[in-house]
Amino acid sequence: MSINGVKGFNEILPADSALWQFIEDTARRVFARYGFSEIRVPIVEKTELFCRSIGDTTDIVEKEMYTFSDKGGTSLTLRPEGTAGVMRALIEHKLYARDSINKLYYMGPMFRHERPQKGRYRQFHQIGAEAVGSAEPVMDAQVLLMVSRLFRELGLDEPRLQINSLGCPDCRPAYREVLVAFLNEREAALCDDCRRRKSTNPLRALDCKVPGCVEATEGAPAMVEHLCSACDEHFGAVQGYLTAADVPFSLNPRMVRGLDYYTRTTFELVTGLLGAQSAVAAGGRYDGLVAQLGGPSAPGIGFALGVERVALLLGDRSFARTPDLFIAVMGEAARSRAFSLMAALQDQGLWVETDCEGKSLKGQMRRADKLGSRYSMVLGENEVVSGAATLKRMIDGQEQSLRLDSETLENLIRQG
RNA sequence: GUGGCCAUGGUGAAGCGGUUAACACAUAUGACUGUGACUCAUACAUUCGAGGGUUCGAUCCCCUCUGGCCACCCCA
């Protein structure tokens, strides 16, 4: 028996890697336009960091983290999300002191011990961005604009932007009481989970998919109607900017968050195309997080997108590249001549292939065809002696003879 | 953590108690001794995820395990 990989940990095979590179390259290109720079942080952090940022009672911390002790006895955890580590680095290196605004992005693997299913894996990949240092609604709008443009550049119009406001420590507790009172009135109609949520995380009940709960919470009070004036004004301004720039969005007053640190603006890009996984990207404002982790009271807003989910949406779009030239060879002298010719053309940036299996000429031509090579050329004794060869365009079989030197060959290939 | 469905070659799959384990694609070689695609020929699973049981006989029935998928919870 051979050894298999670990459940929920997958490789990106060559057939998919071009798609992944497209996603990553697009993100880098788009982020650069909004002044975001990459930050690379470790995938392991002290466990305490995640407990303090994500929240001790969240599902992620309670049951989904890959936690272990290192040899010194410190409890370490494979990062389940990216924001905590980035904020830790920002504080540790006092990036906030160098510049009052830090716009950072990251990409890489995250780890959560959940049962794998479509669009959900134990090692998954996120591309995220964080803007720290501004509490102004225009920064919210800029980040939302950037996400929206990123998906446009990826060629996806399907995930739709939904936004909501979760209020702040001034107004959320009061709203929470109003909501709990409402839920208490309808307790009989709620599912077991929602009865439990009433005390742990009542906002979650708004997000329950059980039909009875959906019905029971239909007229539930919404956070957006209970925002304090500062939050209300902020949220209104964000929407104003988005409208002004024609960024399409819709309001979803029932959107909640799984992580404790979110305040005010939250958003998701949702799709119906990924089975149970509707969120392709999600984020929000976290004005208290940096201070909570021991830094200055710097407000921030950020988001992360799930690369696997984006890749699923992009589907079987082909990013396959093909060779420019395949040189078929016959005989040792020709092989040697072909090798130096190939080297010269590759130095010029062309993708050139040749036979590495000692195949028959027919076998080599078949391989040239299978690789999808644009051109082929046969090098045998005749060509070595005469210094001339025939270049064949594979798509239509058209041939032309030429002198056997790399420059003329390169020119012919480039023009056609 | 809970539930449902499923495991046959490199791939997609038929077969559901006795077959030489179909068929298709892919791959290799040849017909075409120096030219791909089309066509034709040949090759390609002593074996049906692993282990046990029932049976004269099990890919097919039963049990256990392992793996996968999907869903719940939750989330990107």
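In this text, all values refer to a predicted model and were calculated from it rather than measured experimentally.

A. Highlighting the protein's contact with RNA strand B. Taken together, 44 residues form the shell around RNA strand B, and within it R112, R120, R197, R204 and G258 come nearest. Q117 has a polar side-chain atom sitting 3.3 Å from a phosphate oxygen of RNA strand B. Between N382 and RNA strand B, the recorded distance is 2.5 Å, taken from a side-chain N or O atom to a base oxygen. Looking at the surface near RNA strand B, the elements that each hand over two or more residues are β6 (123–132), α8 (192–200), β10 (279–285), β11 (300–306), α14 (361–371) and α15 (381–386). In terms of residues, the surface near RNA strand B owes the most to one element, α14, which gives six residues.

B. Molecular detail of the pairing of strand β12 (residues 325–329). Across the five residues of β12, five count as buried, placing the element largely inside the fold. Going residue by residue along β12, you find L325, I327 and V329 tucked away on one face and F326 and A328 tucked away on the opposite face as well. When β12 meets strand β13 (residues 352–354), the two strands line up parallel, connected through three bridges. Paired with F326 across the strands is E353, a residue of β13. For the crossover that starts at β12, traverses helix α13 (residues 332–347) and ends in the parallel β13, the hand is right-handed. Relative to strand β14 (residues 375–379), β12 runs parallel, the two sharing five bridges. From the neighbouring strand, L325 faces β14, where its bridge partner is Y375.

C. Highlighting empty space enclosed by the protein. For the structure on display, the rule yields one cavity of 30 Å³ or more. As for the largest cavity, its lining consists of N164, L166, Y175, L203, L206, M223, P253, M255 and V256. Residues that form the lining of the largest cavity fall into these classes: eight nonpolar, one polar and no charged.

D. Expanded view of the sheet that holds strand β3 (residues 66–69). In spatial order, the strands read β2-β4-β3; together these three strands make up an open sheet with antiparallel pairing. Each edge of the open sheet carries a strand with a single partner, namely β2 (44–46) and β3. Strand-to-strand twist across the sheet, computed as the mean angle between neighbouring axes with direction ignored, equals 35 degrees. The sheet contacts of helix α2 (residues 47–54) involve β2, β3 and β4 (75–78), and relative to β2 the element is tilted by about 75 degrees.

E. Molecular detail of the packing of α13 against helix α16 (residues 406–415). Interaxial distance between α13 and α16 falls to 10 Å at its minimum, and their mutual angle equals 55 degrees. Judged on the interaxial angle alone, α16 and α13 are oblique. Seen along the crossing, α13 lies across α16 with a hand that is right-handed. Along the contact surface, α13 presents L341, A344 and L345, while α16 presents S406, L409 and E410. Classifying every residue of the contact of α13 with α16 gives four nonpolar, one polar and one charged.

F. Structural view of unusual backbone geometry. Phi is positive for K94, close to 50 degrees, though the residue is something other than glycine. Classification of K94 by relative accessible area gives partly exposed; the value is 49%. Despite not being glycine, R264 shows a phi value in the positive range, around 50 degrees. Topologically, R264 is positioned in strand β9 (residues 263–270). The class for R264 is buried, based on a relative accessible area of 15%.

G. Broad picture of α16. Taken residue by residue, α16 has L409, E410, L412 and I413 as its buried positions. Relative to the axis of α16, the buried residues are bounded by an arc of 165 degrees and lie together on one face. The exposed set on the far side of α16, more than 90 degrees from its buried face, consists of E407 and Q415. Contacts from the buried residues of α16 go to β12, α13, β14, β15 (388–393) and β16 (399–403). For α16, the capping residue at the N-terminal end is D405, with a side-chain oxygen 3.0 Å from the backbone nitrogen of E407.

H. Structural view of the layout of surface pockets. Volume-wise, the second largest pocket comes out at about 440 Å³. If you trace the second largest pocket, you find 23 residues lining it, with I12, D16, L19, W20 and A311 closest to the centre. For the lining of the second largest pocket, the leading source of residues is helix α1 (residues 14–33), giving eight residues. Considered class by class, the residues forming the lining of the second largest pocket number 11 nonpolar, six polar and six charged.

I. A look at the sheet that holds β15. Ordered in space as β13-β12-β14-β15-β16, the five strands form an open sheet in which the pairing is mixed. If you trace the sheet from one side to the other, it starts and ends with β13 and β16, each paired once. Averaged over all pairs of adjacent strands, the angle between strand axes in this sheet comes to 25 degrees, irrespective of strand direction. Helix-sheet contacts for α14 involve β12, β13, β14 and β15, and the interaxial angle to β12 is about 170 degrees. The sheet strands contacting α16 are β12, β14, β15 and β16, and the helix crosses β16 at an angle near 150 degrees.

J. Expanded view of the confidence of the model for chain A. Residues at a pLDDT of 70 or more form 100% of chain A, whose mean pLDDT is 91. The spread of mean pLDDT over the elements of chain A runs between α8, the lowest at 77, and strand β1 (residues 37–38), the highest at 98.

Scoring rules and cut-offs
Residues numbered from 1 in each chain as written. Chains lettered and ligands numbered in written order. Predicted model: local features only at pLDDT ≥ 70, side-chain atom pairs only at ≥ 80, totals over all residues. Heavy atoms only, no water. Near = heavy atom within 4 Å. Polar contact = N/O pair within 3.5 Å; in protein donor to acceptor, adjacent residues only side chain to side chain. Helix = DSSP H or I, 4+ residues; strand = E, 2+ residues; numbered from the N terminus. Buried < 20%, exposed > 50% of the residue type's maximum accessible area, 1.4 Å probe, protein only. Pairing = 2+ DSSP bridges. Right-handed = clockwise from strand over helix to strand, strands pointing away. 1 Å grid on protein atoms, 1.4 Å probe; cavity = no way out; pocket = protein on both sides within 12 Å on 5 of 7 lines; lining within 4 Å. Points joined across faces, edges and corners; volume = space filled by probe spheres on them. Nonpolar A, V, L, I, M, F, W, Y, C, P; charged D, E, K, R; others polar. Axes fitted to C-alpha atoms, helices over the stretch in contact; angles between N-to-C directions. Contact = heavy atoms within 4.5 Å. Parallel < 35°, antiparallel > 145°, perpendicular 65-115°, else oblique. Left-handed = near helix turned anticlockwise from the far one by under 90°. Arc of directions from axis to C-beta. pLDDT = per-residue confidence, 0-100.

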